[in-house]
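# Understanding the architecture of this molecule
Chain by chain, the residues run as shown.
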Amino acid sequence: MTRTAQAPVDRRFIDRWSPRSFTGKPISAADIMSLFEAARWAPSTSNTQPWRFVYGLAGSAGFEAIFSTLVPFNQGWAQRASALVAVLSATQSVAPGTAQAKPSPNHAFDTGAAWMSLALQAETMGWRTHAMGGFNADALRLQLEVPAGFAVHCVVAVGEQGPRENLPAALQEREVPNARQPLEAMVAEGRFRFQA
Ligand SMILES: Cc1cc2nc3c(=O)[nH]c(=O)nc-3n(C[C@H](O)[C@H](O)[C@H](O)COP(=O)(O)O)c2cc1C
């Protein structure tokens, strides 16, 4: 058992994980929109909502455009995803009561919160997600026509979990929920007590 809670917590936080074996089951336009709806309600600095999602459903030109930018390791398993989602964010924002766009220091932080909402919504609907930093960001920009002023963060595979036997042997061993550092390694009371 790799996942045990140190404090009482809702199971959804522990049960979410990122498999690589997907069945290829098609996801409907309505289902994927529910994932973005969950992300829409994430908190953000001055409610600037800097996140942007560009997606492609399996079999579409949009899917192929994103897929072509993945590193070979990720292409090996993400080919059976039902959808690929590029997670981007606006690096500038217009604060309430002002007219001029200024650098938005929390665009990445806010977009991280939105992606997690997307991931947890997917779990409630029987879908799994797997984020990937292994892609060519320049190629993704070109493929999706991302303009300056937007950061490219990751690509998320969405799919129905498949049997681990569908994966190559090396990946089968890794197809299990992983562990976490203990709470003491990430939480301190009163002052910073962690090892540098
Ligand atoms: C931003 C980001 C980038 C990641 N990049 C990759 C990747 O390129 N390939 C991959 O197989 N997994 C990738 N992962 C998955 C992580 O390895 C995984 O989330 C982590 O080990 C925790 O496991 P869990 O999501 O199953 O709880 C990425 C995750 C995040 C959040």
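Structure report, in brief.

Below, the discussion takes up unusual backbone geometry. Positive phi, normally seen in glycine, also occurs at S46, with a value near 50°. Inspection of the secondary structure assignment puts S46 in the loop between α2 (29–40) and β1 (51–57). Residue classification places S46 among the partly exposed positions, given a relative accessible area of 47%. Unusually for a residue other than glycine, Q49 sits at a positive phi of about 50°. Among the secondary structure elements, Q49 is positioned in the loop between α2 and β1. Among the residues examined, Q49 registers a relative accessible area of 31% and is labelled partly exposed.

The four strands lie next to each other as β1-β2-β6-β5, forming an open sheet whose pairing is antiparallel. Looking at the sheet topology across the chains shown, the edges are occupied by β1 and β5 (128–132). Taking the axes of each pair of neighbouring strands and ignoring which way they run, one obtains an average angle of 25° across the sheet. Summarising the sheet, β1 and strand β2 (residues 83–90) pair through seven bridges and their orientation is antiparallel. Looking across to β2, one finds that L57 is bridged to A83. Sitting on the sheet, helix α5 (residues 107–124) is in contact with β1, β2, β5 and β6 (150–159), with an inclination near 150° to β5. Those strands touched by helix α6 (residues 137–144) are β1, β2 and β6, and its axis lies near 85° from that of β6.

With that settled, consider the side chain of H130. Along the chain, H130 turns up in strand β5. H130 sits in the buried class, given a relative accessible area of 8%. Those residues in contact with H130 that lie beyond four places of it in its chain are S18, P19, R20, F22, W77, V155, V156 and A157.

Cut-offs used in this document
- Residues numbered from 1 in each chain as written.
- Predicted model: local features only at pLDDT ≥ 70, side-chain atom pairs only at ≥ 80, totals over all residues.
- Heavy atoms only, no water.
- Helix = DSSP H or I, 4+ residues; strand = E, 2+ residues; numbered from the N terminus.
- Buried < 20%, exposed > 50% of the residue type's maximum accessible area, 1.4 Å probe, protein only.
- Pairing = 2+ DSSP bridges.
- Axes fitted to C-alpha atoms, helices over the stretch in contact; angles between N-to-C directions.
- Contact = heavy atoms within 4.5 Å.

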